[in-house]
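# Structural overview
The lines below spell out each chain.
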Amino acid sequence: MNILLKCAILILKIIYFFLKLFPTKNKITMISRQSNTPPLDFELLAQEIDIDGEYKYAILAHKLQPGLKNKVKYIFHMFKQMYHIATSKVVILDTYCIVVSLLKHKKNLVVIQMWHAMGALKKFGYSVVETDTSTSALGKQMTSEEKKELSTTMKMHKGYDYIFASSEVCVPYFAEAFGYQKESMIVMPLPVVDILTDKEYIENKKQNIIKKYPILKDKKNIVYVPTFRKAEKEEKIQELIDNVNYSKYNLIIKPHPLTKLEKHDERVIWDSDFSSRDMLMIADYIISDYSAIVYEASLLTKPLYFYTYDYDDYVETRNFYTDFKKELPGLISEDSKVILKAIEKEEYSLDRVKQFSQKYINQTDYKVCKRILLLLKEAISKKAREK
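These lines cover the structure that appears in this document, whether it is placed above or below. Quantities reported herein were computed from a predicted structural model and do not represent experimental measurements. (Residues numbered from 1 in each chain as written. Predicted model: local features only at pLDDT ≥ 70, side-chain atom pairs only at ≥ 80, totals over all residues. Heavy atoms only, no water.)

### A few points about the packing of aromatic side chains
Ring pairs (aromatic) are described by centroid distance and by the angle formed between their planes. Evaluation of the coordinates by the stated rule reveals 26 aromatic pairs. On the basis of an interplanar angle of 65 degrees and a centroid distance of 4.9 Å, the ring pair of Tyr307 and Tyr309 is categorised as edge-to-face. Overall, Tyr307 belongs to the buried group, its relative accessible area being 0%. Owing to a relative accessible area of 10%, Tyr309 belongs among the buried residues under this scheme. Among the aromatic residues, those joined into a ring-pair cluster are Trp115, Phe124, Tyr160, Tyr173, Phe174, Phe178, Tyr180 and Tyr321. Its end group placed over the ring of Tyr311, Lys325 keeps NZ or CZ at 4.4 Å from the ring centre. (Phe/Tyr/Trp six-rings, centres within 6.5 Å; stacked < 30°, edge-to-face > 60°. Buried < 20%, exposed > 50% of the residue type's maximum accessible area, 1.4 Å probe, protein only. Lys NZ or Arg CZ within 6 Å of the ring centre and 35° of its normal.)

### Quick look at helix α8 (residues 199-212)
An ideal rise of 1.5 Å per residue puts 20 Å on 14 residues; α8 measures up with 20 Å between its terminal C-alpha atoms. Along α8, the positions that sit buried rather than exposed are Ile202, Lys205, Ile209 and Ile210. Considered in projection along α8, the buried side chains sweep an arc of 135 degrees and stay on one side of the axis. α8 presents Glu200 and Lys211 as exposed residues on the side facing more than 90 degrees away from its buried surface. Its buried side turned inward, α8 meets α7 (193-196) and α10 (276-282). The opening residue of α8, the one whose side-chain oxygen lies 3.0 Å from the backbone nitrogen of Glu200, is Asp198. (Helix = DSSP H or I, 4+ residues; strand = E, 2+ residues; numbered from the N terminus. Expected span 1.5 Å × (residues − 1). Arc of directions from axis to C-beta. Contact = heavy atoms within 4.5 Å. Polar contact = N/O pair within 3.5 Å; in protein donor to acceptor, adjacent residues only side chain to side chain.)

### Overview of the nonpolar core
Grouped together as the largest cluster of nonpolar side chains are 109 residues, with contacts concentrated most on Ile92, Met154, Tyr160, Phe174, Phe178, Tyr295 and Leu376. Sort the elements by how many residues they give to this core and helix α16 (residues 368-386) lands first, with eight residues. Not counting chain neighbours up to four residues away, the residues in contact with Phe178 comprise Gln113, Trp115, Phe124, Tyr126, His157, Tyr160 and Ile163. (Core = buried A, V, L, I, M, F, W, Y, C linked by side-chain atoms within 4.5 Å.)

Structural data, given as structure tokens:
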């Protein structure tokens with residue numbers, strides 16, 4: 001298998017050699033394998049690039065999924081990636097990209113890792129390479145030794161010029177996760193901060209949600225946004241559902257997109273038209289667990305609660321960069337009744353939520369998309385001088 005992989009890498013290198021003969025354009029390419037649709041962060045940045053007018057852009061979103069047919073499709077998508085990388089001045093990633101790390105690029109190419117989640121809560125990347133339960137970038141369950149070998153062969157997360165971290169506090173954690181020195185880190189949150197701090201955008205989104213679900217304007221709304229688990233404990237989700245007082249509250253559940261959670265209770269809104277981020281905007285109370293969406297939720301300054309029924313298992317298999325029980329700005333409990341009782345009593349501290357947001361997300365009056373585009377232009381100029 002290792003020989004086949006090395007042969008495949010050699011073929012990619014040969015093809016890319018000829019693709020690099022194409023001239024470089026005034027183009028910024030954004031690559032994601034988080035989904036098959038352009039991530040919102042990329043779309044927001046693309047809008048800013050359009051407004052500025054100096055550069056063109058390409059967004060390549062294609063999810064690497066299990067199965068031989070899907071892997072073949074992804075290989076052909078990689079050829080498309082290679083062409084755009086070879087003809088761009090900047091490549092922006094929101095996750096690991098095989099051809100970016102494996103191949104040798106033109107000297108004037110700027111590569112930026114704009115990881116898809118803000119903050120530094122759960123450990124990832126090289127921070128979890130030692131754990132047997134971690135999953136490789138190719139979507140295969142592997143032991144730590146197998147993953148180390150694959151990481152070396154695939155040059156995991158190599159080739160970045162800059163890596164964004166959402167605040168100074170997160171810099172050492174991201175440096176560890178990606179295997180870089182702190183000097184490669186740039187304090188820069190995600191473009192989504194621009195809409196999460198835009199009152200007009202939030203109000204419009206709320207009205208769109210209410211238009212589909214009129215019941216949401218009649219009661220207070222509890223939104224539950226759990227992290228991804230390979231094996232859901234559905235009985236714990238049902239426990240939360242059964243303990244809600246539906247005469248006073250609506251319950252909206254937004255499972256992680258990769259979670260196979262049955263939608264079986266008519267008392268609950270199981271929405272598929274709006275994102276988890278959208279539903280945070282309509283929430284009066286937010287219940288999560290170990291999801292990085294807590295950082296986005298904190299920007300909205302809403303009451304936060306943490307339903308951690310599997311905390312010990314999670315610490316053992318994944319663990320955190322920060323002191324979870326000390327840092328998280330809200331009640332933490334493995335008992336849904338305790339959380340719902342706290343909601344009934346309006347027990348929360350918005351001051352703690354604000355402090356958490358300010359600590360983990362760099363916030364200024366200057367819009368994030370404008371800041372990123374300015375940084376890109378400076379990086380392009382620096383590369384040109386070095387060349």
